[in-house]
Amino acid sequence: LDQVVGTEALSTATDVSAFQGSLEAKARLLFAFQKFMRVVTSVFSPLVILLDDLQWADTASMELMKILMIDEGIKHLMIISSYRSNEIDETHALSKLVKDLRVDTYHDLLQITEMEVGNLDICSVNEILMVLLNTDDESHTM
């Protein structure tokens, strides 16, 4: 961690309670995680992160995602996320994030692809269960 964040950042971040809730502590955490992801993506490449249920994510998490997505130092990172569209409106942090990332400023840095996936019908769920249970007999899955 010393090599990722630096000696000065570690020595000043030891008293967490003194910085808790402050903007400085938040900035340090974001910076440390950003540096950490630069190291991880340089070693494990490509790296795919799956984030599920983003309808429950808070503003700070969205800010962290944005920082990771627009950082030119983080190479070969794919973030796949899912959310329930019926729980998201234009005021939600995720909607604001996607809107911000679609501006021309970030167009060369990243590619956003949206895909709507509907509910599975009972036959599809049954087929998945049959494969998982390694059976041809529908009576075991219905």
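Bear in mind the structure is a predicted one, so any value in this text is a computation, not a measurement. (Residues numbered from 1 in each chain as written. Predicted model: local features only at pLDDT ≥ 70, side-chain atom pairs only at ≥ 80, totals over all residues. Heavy atoms only, no water.)

Draft legend 1. Looking closely at the packing of helix H5 (residues 59-70) against helix H6 (residues 93-101). Direction vectors running N to C along H5 and H6 enclose 20°, while the axes themselves pass 9 Å from each other. The angle between the axes of H5 and H6 places the two elements in the roughly parallel class. The interaxial crossing formed by H5 with H6 has right-handed handedness. Along the contact surface, H5 presents Thr-59, Met-62, Met-65, Lys-66, Met-69 and Ile-70, while H6 presents Ala-93, Leu-94, Leu-97, Asp-100 and Leu-101. A breakdown of the residues in the contact of H5 with H6 according to their chemical character gives eight nonpolar, one polar and two charged. (Axes fitted to C-alpha atoms, helices over the stretch in contact; angles between N-to-C directions. Helix = DSSP H or I, 4+ residues; strand = E, 2+ residues; numbered from the N terminus. Parallel < 35°, antiparallel > 145°, perpendicular 65-115°, else oblique. Left-handed = near helix turned anticlockwise from the far one by under 90°. Contact = heavy atoms within 4.5 Å. Nonpolar A, V, L, I, M, F, W, Y, C, P; charged D, E, K, R; others polar.)

Draft legend 2. Seen up close, the layout of surface pockets. What the largest pocket holds in volume is close to 1500 Å³. Taken together, 36 residues form the lining of the largest pocket, with Ile-79, Ile-80, Ser-81, Thr-113 and Glu-114 sitting closest to its centre. Breaking the lining of the largest pocket down by element, the ones donating at least two residues are H5, strand E2 (77-81) and H6. For the lining of the largest pocket, the per-class residue count stands at 19 nonpolar, ten polar and seven charged. (1 Å grid on protein atoms, 1.4 Å probe; cavity = no way out; pocket = protein on both sides within 12 Å on 5 of 7 lines; lining within 4 Å. Points joined across faces, edges and corners; volume = space filled by probe spheres on them.)

Draft legend 3. Molecular detail of H6. Where H6 is concerned, the buried positions are Ala-93, Leu-94, Leu-97 and Leu-101. The buried residues of H6 all sit within an arc of 100° when viewed along its axis, so they share a single face. In this fold, the buried residues of H6 make contact with H5. (Buried < 20%, exposed > 50% of the residue type's maximum accessible area, 1.4 Å probe, protein only. Arc of directions from axis to C-beta.)

Draft legend 4. Fine view of the packing of aromatic side chains. On inspection of all chains with the given rule, the structure shows one aromatic pair. Ring centres 5.9 Å apart and planes at 45° place the aromatic pair Phe-33 and Phe-36 in the tilted group. Taken together, the positions of Phe-33 and Phe-36, both in helix H4 (residues 23-43) and three residues apart, correspond to about one turn of that helix. For Phe-36, a relative accessible area of 41% puts it in the partly exposed group. (Phe/Tyr/Trp six-rings, centres within 6.5 Å; stacked < 30°, edge-to-face > 60°.)

Draft legend 5. View of the nonpolar core. Counting eleven residues, the largest nonpolar core is built from Leu-54, Ala-57, Met-62, Met-65, Ile-88, Ala-93, Leu-94, Leu-97, Leu-101, Tyr-106 and Leu-110. Of all the elements in the fold, those that place two or more residues in this core are H5 and H6. Top contributing element to this core by residue count: H6, with four residues. What Ile-88 contacts, discounting residues up to four positions off in sequence, is Gln-55, Tyr-83, Leu-94 and Ser-95. (Core = buried A, V, L, I, M, F, W, Y, C linked by side-chain atoms within 4.5 Å.)

Draft legend 6. Structural detail: the pairing of E2. Relative to E2, strand E1 (residues 47-51) runs parallel, the two being bridged by five bridges. Note on E2: the bridge partner recorded for Leu-51 is Ser-81. Once you follow E1 into H5 and on to E2, the crossover reads as right-handed. (Pairing = 2+ DSSP bridges. Right-handed = clockwise from strand over helix to strand, strands pointing away.)

Draft legend 7. View of the pattern of salt bridges. Enumeration over the complete set of coordinates arrives at six salt bridges. Note that Glu-63 and Lys-26 form a salt bridge whose closest N and O atoms lie 2.8 Å from each other. Highlighted residues: Glu-63 in helix H5 and Lys-26 in helix H4, separated in sequence by 37 residues. Its relative accessible area of 36% is what places Lys-26 among the partly exposed residues. A salt bridge links Arg-38 to Asp-71, with the shortest nitrogen-to-oxygen separation between them at 2.8 Å. (Salt bridge = Lys/Arg side-chain N within 4 Å of Asp/Glu carboxyl O.)

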